[in-house]
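# Close look at the chain arrangement
What follows is each chain in one-letter form.
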Number of protein chains: 4
Amino acid sequence: MDMRAILEGVKADVAGHIGEGKVADYIPALAKIDPSKFGMAVVTVDGEVFALGDADEPFSIQSVSKVFTLTLALGRVGEGLWKRVGREPSGTPFNSIVQLEQEHGIPRNPFINAGAIVVADTLLSGHEPRETLGEILSFMRHVAGDDAIVIDREVARSEQQTGFRNAALANYMFAFSNIMNPVEKTLGVYFHQCALSLSCIQLARAGLFLANRGRMAEGHSVVSSERARRINALMLTCGHYDASGDFAFRVGLPGKSGVGGGILAIAPGKAAIAVWSPGLNANGNSATGTRALESLARRTGWSIFG
Amino acid sequence: MDMRAILEGVKADVAGHIGEGKVADYIPALAKIDPSKFGMAVVTVDGEVFALGDADEPFSIQSVSKVFTLTLALGRVGEGLWKRVGREPSGTPFNSIVQLEQEHGIPRNPFINAGAIVVADTLLSGHEPRETLGEILSFMRHVAGDDAIVIDREVARSEQQTGFRNAALANYMFAFSNIMNPVEKTLGVYFHQCALSLSCIQLARAGLFLANRGRMAEGHSVVSSERARRINALMLTCGHYDASGDFAFRVGLPGKSGVGGGILAIAPGKAAIAVWSPGLNANGNSATGTRALESLARRTGWSIFG
Amino acid sequence: MDMRAILEGVKADVAGHIGEGKVADYIPALAKIDPSKFGMAVVTVDGEVFALGDADEPFSIQSVSKVFTLTLALGRVGEGLWKRVGREPSGTPFNSIVQLEQEHGIPRNPFINAGAIVVADTLLSGHEPRETLGEILSFMRHVAGDDAIVIDREVARSEQQTGFRNAALANYMFAFSNIMNPVEKTLGVYFHQCALSLSCIQLARAGLFLANRGRMAEGHSVVSSERARRINALMLTCGHYDASGDFAFRVGLPGKSGVGGGILAIAPGKAAIAVWSPGLNANGNSATGTRALESLARRTGWSIFG
Amino acid sequence: MDMRAILEGVKADVAGHIGEGKVADYIPALAKIDPSKFGMAVVTVDGEVFALGDADEPFSIQSVSKVFTLTLALGRVGEGLWKRVGREPSGTPFNSIVQLEQEHGIPRNPFINAGAIVVADTLLSGHEPRETLGEILSFMRHVAGDDAIVIDREVARSEQQTGFRNAALANYMFAFSNIMNPVEKTLGVYFHQCALSLSCIQLARAGLFLANRGRMAEGHSVVSSERARRINALMLTCGHYDASGDFAFRVGLPGKSGVGGGILAIAPGKAAIAVWSPGLNANGNSATGTRALESLARRTGWSIFG
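About the criteria used
- Residues numbered from 1 in each chain as written.
- Chains lettered and ligands numbered in written order.
- Predicted model: local features only at pLDDT ≥ 70, side-chain atom pairs only at ≥ 80, totals over all residues.
- Heavy atoms only, no water.
- Least-squares fit on C-alpha atoms with pLDDT ≥ 70 in both.
- Contact = heavy atoms within 4.5 Å.
- Buried area = accessible area lost by both parts, 1.4 Å probe.
- Salt bridge = Lys/Arg side-chain N within 4 Å of Asp/Glu carboxyl O.
- Polar contact = N/O pair within 3.5 Å; in protein donor to acceptor, adjacent residues only side chain to side chain.
- Helix = DSSP H or I, 4+ residues; strand = E, 2+ residues; numbered from the N terminus.
- Nonpolar A, V, L, I, M, F, W, Y, C, P; charged D, E, K, R; others polar.
- Buried < 20%, exposed > 50% of the residue type's maximum accessible area, 1.4 Å probe, protein only.
- Axes fitted to C-alpha atoms, helices over the stretch in contact; angles between N-to-C directions.
- Parallel < 35°, antiparallel > 145°, perpendicular 65-115°, else oblique.
- Left-handed = near helix turned anticlockwise from the far one by under 90°.
- Pairing = 2+ DSSP bridges.
- Phe/Tyr/Trp six-rings, centres within 6.5 Å; stacked < 30°, edge-to-face > 60°.
- Lys NZ or Arg CZ within 6 Å of the ring centre and 35° of its normal.
- Expected span 1.5 Å × (residues − 1).
- pLDDT = per-residue confidence, 0-100.

## What to know about the relation of the copies chain D and chain A
Rotating chain D by 180 degrees about the axis while translating it 0.0 Å along that axis superimposes it on chain A, leaving an RMSD of 0.0 Å. The symmetry that links the two subunits is that of a two-fold axis. For chain D, the minimum C-alpha distance to the rotation axis belongs to Ala168 of chain D and amounts to 1.9 Å. A share of 100% of interface residues in chain D that are also interface residues in chain A marks the association as one of identical surfaces.

## Quick word on the interface of chain C and chain D
Of the residues lining the interface, 30 residues belong to chain C; the matching set on chain D comes to 29 residues. Here chain C and chain D share an interface that buries about 2,700 Å² over both sides, 61% of which is from carbon and sulfur atoms. There are 2 salt bridges connecting chain C and chain D. Our enumeration of links across chain C and chain D arrives at 12 residue pairs in polar contact (both at pLDDT 80 or more). Among the elements that make up the side of chain C that touches chain D, the one with the highest residue count is helix α11 (residues 225–238) of chain C (7 residues). In terms of residue class, the side of chain C that touches chain D is made up of 12 nonpolar, 8 polar and 10 charged.

## Details of the pattern of salt bridges
Residue and element names in this part refer to chain A. Per the counting criterion, the structure on display carries 68 salt bridges over all chains. Glu135 serves as the salt-bridge partner of Arg76, at 2.7 Å between the closest nitrogen and oxygen. With Arg76 in helix α3 (residues 65–77) and Glu135 in helix α6 (residues 129–144), this residue pair connects regions lying 59 residues apart in the sequence. Arg76 sits in the partly exposed class, given a relative accessible area of 34%. We classify Glu135 as partly exposed; its relative accessible area is 31%.

## What about the packing of helix α3 (residues 65–77) of chain D against helix α5 (residues 113–124) of chain D?
All names here are of chain D. At a closest axis distance of 9 Å, the pairing of α3 and α5 adopts a crossing angle of 45 degrees. As summarised for this structure, α3 and α5 are arranged oblique, according to the angle between their axes. Both α3 and α5 take part in a crossing whose hand is left-handed. Contacts between α3 and α5 pair Lys66, Thr69, Leu70, Leu72, Ala73, Arg76 and Val77 from the former with Asn113, Ala116, Val119, Thr122 and Leu123 from the latter.

## Some details on the sheet that holds strand β9 (residues 271–276) of chain B
Residues and elements named next belong to chain B. With antiparallel pairing, 5 strands are arranged side by side in an open sheet as β3-β2-β9-β8-β7. Edge positions in the sheet fall to β3 (49–53) and β7 (255–257), since each has one partner strand and no second. Going from strand to strand, the sheet's axes swing by 10 degrees on average, the running direction of each strand aside. Where strand β2 (residues 39–44) lies against β9, 6 bridges are found, and the strand directions are antiparallel.

## Digging into the packing of aromatic side chains
Scanning the entire structure with this criterion turns up 20 aromatic pairs over all chains. Taking 6.0 Å as the distance between ring centres and 55 degrees as the angle between the ring planes, the aromatic pair formed by Tyr190 of chain A and Phe191 of chain A counts as tilted. Under the relative-accessibility criterion, Tyr190 of chain A is labelled buried at 3%. Centre to centre, the rings of Phe59 of chain D and Trp276 of chain D are 4.9 Å apart; their planes meet at 10 degrees, and the pair counts as stacked. Note that Phe59 of chain D is positioned in strand β4 (residues 59–60) and Trp276 of chain D in strand β9 (residues 271–276), a separation of 217 residues in sequence. Per residue, the accessibility class of Phe59 of chain D equals that of Trp276 of chain D, and both read buried. Just above the ring of Phe249 of chain B sits the side chain of Arg87 of chain A; from NZ or CZ to the centre is 4.1 Å.

## Quick word on the environment of Trp82 of chain B
Along the chain, the position of Trp82 of chain B falls in the loop between α3 (65–77) and α4 (98–102). For Trp82 of chain B, a relative accessible area of 14% puts it in the buried group. Along the sequence, Trp82 of chain B and Pro110 of chain B sit 28 residues apart, while their C-alpha atoms lie 9.2 Å from each other. Those residues in contact with Trp82 of chain B that sit more than four places away from it in its chain are Phe249 of chain A together with Leu70, Leu74, Arg87, Pro110 and Leu234 of chain B. Of the polar contacts made by the side chain of Trp82 of chain B, one reaches the side chain of Glu79 of chain B; its length is 2.9 Å.

## A look at the sheet that holds strand β5 (residues 150–151) of chain A
Taken in spatial order, the 3 strands make up an open sheet running β4-β6-β5 (chain A), and their pairing is antiparallel. The two strands at the open ends of the sheet, each matched to only one other strand, are β4 (59–60) and β5 of chain A.

## Points about helix α13 (residues 287–300) of chain A
Because each turn of an α-helix spans 3.6 residues, side chains separated by three or four positions end up pointing in the same direction. Residue and element names in this part refer to chain A. For α13, which comprises 14 residues, the first-to-last C-alpha distance of 20 Å matches the rise-based estimate of 20 Å (1.5 Å per residue) to within 8%. Listed as buried for α13 are Ala287, Thr288, Gly289, Thr290, Ala292, Leu293, Glu294, Ser295, Leu296, Ala297 and Thr300. Elements that come into contact with the buried residues of α13 comprise α1 (3–14), β2 (39–44), α12 (244–250), β8 (262–267), β9 (271–276) and β10 (279–280). Of the residues that open α13, the one with a side-chain oxygen 3.0 Å from the backbone nitrogen of Gly289 is Ser286. Phi for Gly301, located one or two positions after α13, is positive at around 70 degrees.

## Examining the packing of helix α5 (residues 113–124) of chain C against helix α8 (residues 164–175) of chain C
Residues and elements named next belong to chain C. Packing of α5 against α8 leaves a shortest axis separation of 10 Å and a crossing angle of 60 degrees. Put simply, α5 runs oblique to α8. In the crossing of α5 with α8, the sense of the turn from one axis to the other is right-handed. Of the residues in α8, those in contact with Asn113, Ala114, Ile117 and Val118 of α5 are Asn166, Leu169, Ala170 and Met173. In terms of residue class, the contact of α5 with α8 is made up of 6 nonpolar, 2 polar and no charged.

## Brief notes about unusual backbone geometry
All names here are of chain A. Within the chain, Ser177 stands out as a residue other than glycine whose phi angle is a positive 60 degrees. The residue Ser177 is located in the loop between α8 (164–175) and α9 (183–194) in this model. With a phi close to 55 degrees, Arg213 is a non-glycine residue in the positive phi region.

## Structural notes on the interface of chain D and chain A
Interface size is commonly expressed as the accessible surface area that is lost when the partners come together. Between chain D and chain A, the residue contacts involve 14 residues of the former and 14 residues of the latter. For the pairing of chain D and chain A, the buried interface totals around 1,400 Å² over both sides, and the portion due to carbon and sulfur atoms is 71%. On the chain D side of the contact with chain A, Glu101, Phe164 and Arg165 of chain D bury the most area, a combined 37% of that side's loss. Taken together, the links from chain D to chain A amount to 2 salt bridges. The partner of Glu101 of chain A in a salt bridge is Arg165 of chain D, with the nearest N and O atoms 4.0 Å apart.

## Structural notes on helix α5 (residues 113–124) of chain A
Residue and element names in this part refer to chain A. Look at α5: 16 Å from first C-alpha to last across 12 residues, which is about the 16 Å you get at 1.5 Å a residue. Burial runs high along α5: 12 of the 12 residues are buried. Taken residue by residue, α5 has Asn113, Ala114, Gly115, Ala116, Ile117, Val118, Val119, Ala120, Asp121, Thr122, Leu123 and Leu124 as its buried positions. Looking at the packing, one finds that the buried side of α5 touches α3, α4 (98–102), α6, α8 and α9.

## Overview of the confidence of the model for chain A
The pLDDT averaged across chain A works out to 95; a share of 100% of its residues lies at or above 70. If you check the scores for this complex, the pTM reads 0.92 and the ipTM reads 0.95.

As structure tokens, this is what we get:
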């Protein structure tokens, strides 16, 4: 498989679509991103890296971070986590509170905002946000093999100043005893994890263990192969909010998107792929990023569905 | 891979669980089934058949039929079908009408009852139910390679006499102009397709084209490889109603369940698997059947998630 | 109180608004009504009748009939009726099915469509629709003191041909065992009661017992004073679907509207008022009719709220 | 009308029911109230006061305060208030957030928690909570004619420490720009207004203007007669959350309940009535208090429904 040629093909497929979609404007730090950015990186299970466009430029990974905090939280509390958060697609937008009321404060899955806030609360568990964020950052640097990864403080501050729906979710779950730390501390962790800044290359490297039965390219184990499989399953069914079905239908790979325009996709046994293009479609997922992954999946035959 | 040994392992894993769950009792014809039945069949892409337990005994496939009517309808109207039915997990039970009201008569996906009724309506499109049912039956016999397959008239009659929630769904969608034939005709098709009676072996054979890039074991093409992939994606995200996420998490294969206790699962590139055990779990999916598939996926490593 | 002068004042208040709103168009028989019609009748507890405009012209009373079938049903089954239908405002449109799913087939109140269908089912209770409709018609003629009242067969037929959302509601409640007669018979009663044709004068006369502690102008008792009070309470809280609060706020009288443009309002101890103007506001209630009642209530000081 | 004899009758009617229901336990300061307390006060429009039981003992009026803050807010911003809060019964519990999501941050009415928080926000409008609370307290003292009325600081502090669902509501509406002051300030006002402590006699006096066309017993105007009518209408349709219909049906008077076990009821043109009994029914309204009002309304014939 000539990955370079495939990436050239992807590049041709998206060429007329760069800049499509609407850049997230709810926080100033995201709104000012150049909409014509486009980058893609493929890291294969044997550690080879292929890059396209702005694959080296860090961007705000936002909700893609939920994959990594989930991994950390499962390591910390194990399968007991599923008492506090479900594993089902929600059928509702990323920030919906309706489902929480009907299901008594238990979020449908760890990838909607409410679920990720519970995961952050699990990681915090009595510590100070600074310590927990240090732990998250260390983990990201470890799996990406890159100590240059940072949290963008300006983005984090912006999130904190505008995140009133997330504050609503956290207070609501606190009322149901499903947030156990002070709400502002848990939100502090959540807002900062969303402000992690990675390039496509860093992000694909960081996600490789999910494509590689739980192991990094050099062979270090991050999670068991069963856990990697299960996280992939969750990404497939819940990774794109109420457009998860459509992403599975069109791309056929587990993936997790963020409103910064990034998507991490996993081709089990083959590669981790990161794509970045800031313009979002109606469901809040990268428009051109999705298109690029659709092209890549078709050209590689990596769909998990045959 | 020694499939016989693997099936023996599965048998051992489920041995203490035969009879678990609750047999569907809403129609008399299903309620009288012996709860201790258990059968499983694996048909590999090269056409080998492996069977376990009551794999030869026909049972009512119920909602598993939705996979086949969807395949037929896509062949008939193509991707235009998606104007009348969505492709997203619903987050609600199989017979929910709430989502229909909020989304103006467009069902979330073709595997919840409302969606399958729209699919049946598409197939009917002006014909008589008898003709459409003949077409469905022919298709089932063709893909299963077995002319002995029949529709159980007693079950169909029972469904018709008790299917008032389905009648509500159909009338509701008719009011939104998303059912185009007389409601009782569309329901007639739907109730009879649910009464298709197949054994595990017949069902696994019938589903093999989904594991085999759209082709039957003998090589005849049923659908394009892309369409087979997409149907698999829908089975993965929507095939088990509001327990689809859990099935993906535990089993890791596209699957479609029915209240008769049957499940069809697809291991792309490997095999089609049918399992039957009448006792249902809280979400209306076969309890022991799910357990058997979990065991099989673990023993074979067929999970699509790595 | 010079009622004639008051009605002249109301006439002046609505003069520039005749024809406002949108005539119901979902059934042909209603769509062809002249939108410039306007009539009003006030019948005082001592039997005096005051009329304005087209107060003598029969119109389709539609959902206003629900007040009378509720009265009949309470007479038949007493307070046991409240096991099958609630007494709370629904917060949802007249034909919503969402609430039914959440509350297991028990409609919120007898004035939303689902609730009125249950009431019709109660009246039917094993008889033929023809007999029950005869009983309803007799009751209307009795309380209105006018044997000329009829059911408009053309309207009834139209309703039957287009009432698929009502059919959905009925089938749905049947599935929850809250409809006990064959669905098509219950719907037959419901569609025909909605097609009752009365003039404003007839309608105000028919409703007078609710203003008069349960008694007709001549003194004949229809219901106990307590029951009259309770029906009035239900009209106030639930009589205008999800605009009941607004009607109470603006008019301050118990009232029941119909999509034919009629409203029956009750000023307890004072009078029954019927108004008719076919154009509907966004909530499906007569636009100019509501305005006329607002004017009347202000000019008479009849608001029940002080 | 011999009010003393009537109150003796009420006393006899509730005698066997004192202590029924469940005392609100979500804040410690409420949980420790003696459940056998029962008081009732009737203040007639000519200023006579009749009292029963513990009518002199102050209790936490909680949501009954919403009537008074609404009155103040209407005086401040006039009918423009209705752009930020609706006037319809909600059909949902007092602290539901579902409706807010569906209706984009506009609460259904000013008597559910979300609506009352918007009203508090209106009163705050740039001031410090201390100033606004001073204004609310002055108003309560003025209408009750009693400078001894206070806010219970312990209760307020308890509310603040446990009010996470209210914090969720406020943050949620802030995200929709329907809370305009800092969330914690608006909540500060809200939690303190709920901690107002009045006896039945004080509360009935304070509410008298609503029974008396907007005027206090001595004749001072508080609001216009039209505004008094409208507030009464809102109390009738929305004053008891999702049991408002039942209260109208059984009692037939506008009323507003609080989880402290108090209810203020208005008999327009007749009297204001306050009742207190801490045990709550399933809907969160005073069980014995409702019973007492039912008895009073029957014995006086004060129902507004005839």
